[in-house]
Amino acid sequence: MIAQEKRSVLSAAQEPPVRRQVKRSTVFRHLWKHKVLLLMLLPGVVFLLINNYLPMFGIIIAFKNINYVDGILGSPWVGLDNFKFLFATSDAWIITRNTVLYNFVFIVLNLVIAVAVAIALNELKNKLAAKFYQSIMFFPYFLSMVVVSYLVFAFLNVEYGFINKGVLSLFGLNELNWYSEPKYWPFILPLINLWKGVGYGCVIYLAAIIGIDSEYYEAALIDGASKWKQIVHITIPLIRPVIIITTILAIGGIFRSDFGLFYQTTLNSGALYPTTLVIDTYVYNALINMGNLGMSAAAGLYQSVVGFFLVLGSNWIVRRIDKDQAVF
């Protein structure tokens, strides 16, 4: 009896390593079975490590007073002093307000207009015309912000701009110096961003709409549902997962700004700073004037960390509302 108990104890003690060994061999067999797919995945993983994770070593710059003599590793540590640059200045509230509010408006406008345009293109009977309109709207996405800034300048130039000479003069209104009037730019910048980005968003949502099974619409027609009811009760609910994913990703970048939009199109005019100065342009101007790399790195790290928690928070809210629609 005692011998049997000893054998049972010994077998119980040996069982976990055996199980681990079996699991390990199962994993190796699974990897070997899919070796071709893993080999195809390898270039993408290597690129991701080199391009996204290896540069994260540079985070230490945010906590150092960088000088070119000692280099990154040899430069003295300054703790959180570089972060005080963002929060201790008199412009901290202005740049934070502008960054968040502009990005919020961009997210809402681009989402609503892109979904509406995608639905409209999907309803066109002439598919050749639909592809033509889609290409026309997608084209601005490929334009550099430098090119866009010249187009905006052609419209808003004080002496020769189309708005002053072709629109305001037609109605007998006084010409405006657009680059000295900050009150108009909270409307101009969202329009420029919408014109440039709506085509890209439209392609994403149009692809999701095309993937909807046509049987849903056929059943709705049999029941006598109008086009509007089909859009409200079929199209939008079925593309909601795509809308949620794109919105969560956009919220993650709400503390980041399109540098070219706020710097190039405004010509970095000091008169417009109350309504156009955002974190990215503020840090760039400070970097040019002071040459402090640590402050610039601190701002980038701050934006990344806040964006990370915003993504987590947005996804948590979605999970509370509808668990199946959450990204993770």
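These numbers come from a predicted model, not from an experiment.

### Quick notes on the side chain of S314
So, step 1. Assignment of secondary structure puts S314 in helix α15 (residues 293-321).
So, step 2. Once you skip the residues sitting within four places of it in the chain, S314 turns out to touch I248 and I251.

### Considerations on helix α6 (residues 127-138)
So, step 1. Its twelve residues give α6 an end-to-end C-alpha distance of 16 Å, which sits within 8% of 16 Å, the value for a rise of 1.5 Å per residue.
So, step 2. Where α6 begins, the side chain of N126 points an oxygen toward the backbone nitrogen of L128, at a separation of 3.1 Å.

### Overview of the environment of L191
So, step 1. When you line up the elements, L191 lands in helix α9 (residues 185-210).
So, step 2. Remark: the alpha-carbon pair of L191 and S180, spanning eleven residues in sequence, is separated by 18 Å.

### Considerations on the packing of α9 against helix α11 (residues 227-252)
So, step 1. Packing of α9 against α11 leaves a shortest axis separation of 9 Å and a crossing angle of 140°. When the interaxial angle is binned, α9 and α11 end up oblique. As for how α9 packs across α11, the hand of that crossing is right-handed. Contact with α9, carried on its side by I204, Y205, A208 and I209, involves T235, I239, V242, I243 and T246 of α11 and no other residues of that element.

### Focus: the pattern of salt bridges
So, step 1. Per the stated rule, a full pass over the model turns up three salt bridges.
So, step 2. Salt-bridge contacts for K84 lead to D81; the nearest nitrogen and oxygen are separated by 3.4 Å. Residue K84 and its partner D81 are located together in helix α4 (residues 81-87), separated by three residues, close to a single helical turn.
So, step 3. Since its relative accessible area comes to 51%, K84 is described here as exposed.
So, step 4. Across the salt bridge formed by K227 and E123, the nearest N and O atoms sit 3.0 Å from each other. One end of the pair, K227, is in helix α11; the other, E123, is in helix α5 (residues 92-123), and 104 residues separate them in sequence.

What counts, and at which threshold
- Residues numbered from 1 in each chain as written.
- Predicted model: local features only at pLDDT ≥ 70, side-chain atom pairs only at ≥ 80, totals over all residues.
- Heavy atoms only, no water.
- Helix = DSSP H or I, 4+ residues; strand = E, 2+ residues; numbered from the N terminus.
- Contact = heavy atoms within 4.5 Å.
- Expected span 1.5 Å × (residues − 1).
- Polar contact = N/O pair within 3.5 Å; in protein donor to acceptor, adjacent residues only side chain to side chain.
- Axes fitted to C-alpha atoms, helices over the stretch in contact; angles between N-to-C directions.
- Parallel < 35°, antiparallel > 145°, perpendicular 65-115°, else oblique.
- Left-handed = near helix turned anticlockwise from the far one by under 90°.
- Salt bridge = Lys/Arg side-chain N within 4 Å of Asp/Glu carboxyl O.
- Buried < 20%, exposed > 50% of the residue type's maximum accessible area, 1.4 Å probe, protein only.

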